[in-house]
Amino acid sequence: MAPELEARYSELTAEGTLQVRRGEFRLAADQFEAALLIARELGDQLLMDRAICNLSTARLSLGMIQEAEKGLREILLKSSDPNIIFIASSNLASALRKQGRLQKALLYAKRALRACESIDNFAWKATCHNLIANIYMNMSYLDDAMAEYRFALTLSQKGGLGTSYPVDYIKENLGYCSLLKKRYHQGIATILEALQISLANGNTRCLVECYQDLCFAYMQLKELKRAEEYGEKALAIAAERDYKDILKNCYYLLGEVNLLMENEERSDFYFDKLQELYPHLPVLKQFLRTFDVSNILNLKNPF
Amino acid sequence: MMTSKFKRQSLLVGSRIRSLRKDRALTQADLAHRIGIQQSDLCRMENGEYKVSLETLFKILSIFEMNIADFFNEDAGGAAREREYEFLRLYQKLSPRVQEEVQSFIQFKLQSEDRVRDEKVKKDN
């Protein structure tokens, strides 16, 4: 019975990991939850810890931040397995980052990096540097962030990762960082590379971020028709996959793009959609119609 | 409805946040806590070195209970401007249906003024 259960556990874990890479986070969470139940049935602590870590990864992507934190600190207190410590630390860092607790997030990200040193896994090392870079980007330390993204790409090359995960994310983030530094054409080129990779990898989450960021880039360059096309692509996927953060950004971007195109009816449509999400803030729509806030925004700040 | 000619003002959010915070006698620590960010980040935000999410921007608007007039106030120049802000503030309080009525009335008055101007030009000629 135990070998069968262990095999089922491995199968569910592998399926869940695949779903994460495809951006199918709810399906992934279901697989990892089922794996956790099996691990509990087996009474195997290592398998339980691994399942909790994996479940946390999926929940993080679903925006279930409080749930994603559950059990990670306990794992870090008792586990000596560097693989487990890596995942628990980096997920905790991501959860803290999404709550705006950036200094603490950085501490855990660096702990994950230390755990990574003893593991021969270039994808994880690159992921870890990507996470540190994301935290720097959220702190608006853009030069530090770019250095970390570039280092993550170097590690990916060294490890022979080619264009596999997480290279798509790293390039996408690096491209967006260039946009924040107003290097629009450089940023667009990098994001287009990321777009091609994420299409090939079937990484929908990365793909939708590429579309969103290209919309922003072309909006800043006043190539508005192109901006609108990318924004609409991002919005369609975000609505289908329930990516709430992207959805809000797209309503803002498309409202802004249409306003710049003097298409006030379409602009109102999108700003109204955004306004509906903030009923307690009745001035929001008029505020966005009145002020250009594009230069003070970081669309990837999760808090 | 506001037309886009009002629109192209890049928001200098940092300096505005600082003055609104001071108007309300809030310390950086107080405000940072309410927004949910580090005090050092708020300091950089006030200096224009820190980019924010839409979420944070809306949270700031909500904390200060801002209206558009608050932000325009930065560039205010005289009583005429003040009257416009007051108009805007009152307008925002109206229901959407009544806002439409006000807009129609303004359109009507603008057309009347145009007609008077045209007639005057004809007479002068």
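Residues numbered from 1 in each chain as written. Chains lettered and ligands numbered in written order. Predicted model: local features only at pLDDT ≥ 70, side-chain atom pairs only at ≥ 80, totals over all residues.

**Q** Looking at this structure, how should I read the overall build of chain B?
**A** Along its length, chain B carries seven helices and one strand. When the helices and strands of chain B are read in sequence order from the N terminus, they spell out β-α-α-α-α-α-α-α. Residue burial in chain B is summarised as follows: out of 125 residues, 16% are buried. Restricting to contacts in chain B with at least 6 residues of sequence separation, those with at least 24 account for 41%. (Helix = DSSP H or I, 4+ residues; strand = E, 2+ residues; numbered from the N terminus. Buried ≥ 20, exposed ≤ 12 C-beta atoms within 10 Å, placed from the backbone. Contact = placed C-beta atoms within 7 Å.)

**Q** Looking at this structure, I do not really get the overall build of chain A. What am I missing?
**A** Summing up its helical and strand segments, chain A has 16 helices and one strand in all. Here chain A has a C-alpha radius of gyration of 20 Å; the compact-globule value for 303 residues is 19 Å, and the two agree. Across its three principal directions, the C-alpha atoms of chain A cover 65 × 40 × 35 Å. The burial tally for chain A puts 53% of its 303 residues in the buried class. (Rg over C-alpha atoms; globule rule 2.2 N^0.38 Å.)

**Q** Could you clarify how one ought to interpret the nonpolar core in this entry?
**A** A general tendency of soluble globular proteins is for nonpolar side chains to be buried together. Residues and elements named next belong to chain A. The biggest cluster of nonpolar side chains holds 115 residues, and the ones touching the most others in it are Ala109, Leu214, Cys215, Ala234, Ala238 and Cys250. Counting residues per element, this core draws most heavily on helix α12 (residues 204-220), at 11 residues. Not counting chain neighbours up to four residues away, the residues in contact with Leu214 comprise Ile188, Ile191 and Tyr230. (Core = buried A, V, L, I, M, F, W, Y, C linked by C-beta atoms within 7 Å.)

**Q** Any chance you could explain the environment of Lys222(A) here in plain terms?
**A** Within the element layout of this structure, Lys222(A) appears in the loop between α12 and α13 (224-241). On a C-alpha basis, the gap between Lys222(A) and Ile237(A) in space is 24 Å, while along the polypeptide they are 15 residues apart.

**Q** Whenever I open this one, the confidence of the model for chain B confuses me. Can you help?
**A** Close inspection of predicted coordinates is inappropriate for parts of the model with low pLDDT. All names here are of chain B. On average, residues of chain B score 74 in pLDDT, and 71% of them reach the 70 mark or higher. Model confidence for chain B, summarised as mean pLDDT per element, is weakest for strand β1 (residues 9-10) at 50 and strongest for helix α2 (residues 28-35) at 90. As a predicted assembly, this complex carries a pTM of 0.79 together with an ipTM value of 0.77. (pLDDT = per-residue confidence, 0-100.)

**Q** Honestly, unusual backbone geometry in this entry has me stumped. Any pointers?
**A** Glycine aside, the phi torsion of most residues is negative, and most peptide linkages are trans. Residue and element names in this part refer to chain A. Cis geometry marks the peptide bond from Tyr165 to Pro166; its omega dihedral reads 5°. Topologically, Pro166 is positioned in the loop between α9 (142-158) and α10 (167-180). Look at Lys222: it is not a glycine, yet its phi comes out positive at around 60°.

**Q** What should I look at first to understand helix α3 (residues 45-61) of chain A in this one?
**A** Along an α-helix, a turn takes 3.6 residues, which lines up residues three or four apart on a common side. Residue and element names in this part refer to chain A. Helix length check: α3 (17 residues) gives 25 Å between terminal C-alpha atoms against 24 Å at 1.5 Å per residue, within 8%. Of all the 17 residues making up α3, 13 are buried; the element is thus mostly covered by neighbouring parts of the structure. Backbone geometry just after α3 places Gly63 at a positive phi near 80°. (Expected span 1.5 Å × (residues − 1).)

**Q** Sorry, what's going on with the environment of Leu42(A) here?
**A** Residues and elements named next belong to chain A. Structurally, the position occupied by Leu42 is in helix α2 (residues 25-42). Judged by the 15 C-beta atoms lying within 10 Å of it, Leu42 is partly exposed. Spatially, the C-alpha atoms of Leu42 and Ala2 are 7.0 Å apart, while their sequence positions differ by 40 residues. For Leu42, the residues in contact, after removing those within four places along its chain, are Ala2, Leu5, Glu6 and Leu47.

**Q** What is the right way to look at the environment of Leu54(B) in this model?
**A** Assignment of secondary structure puts Leu54(B) in helix α4 (residues 54-63). Taking the C-beta count within 10 Å as the criterion, Leu54(B) has 23 such neighbours and is therefore assigned buried. Sequence-distant contacts of Leu54(B), defined by excluding residues within four places in its chain, comprise Lys248(A), Asn249(A), Tyr252(A) and Leu297(A).

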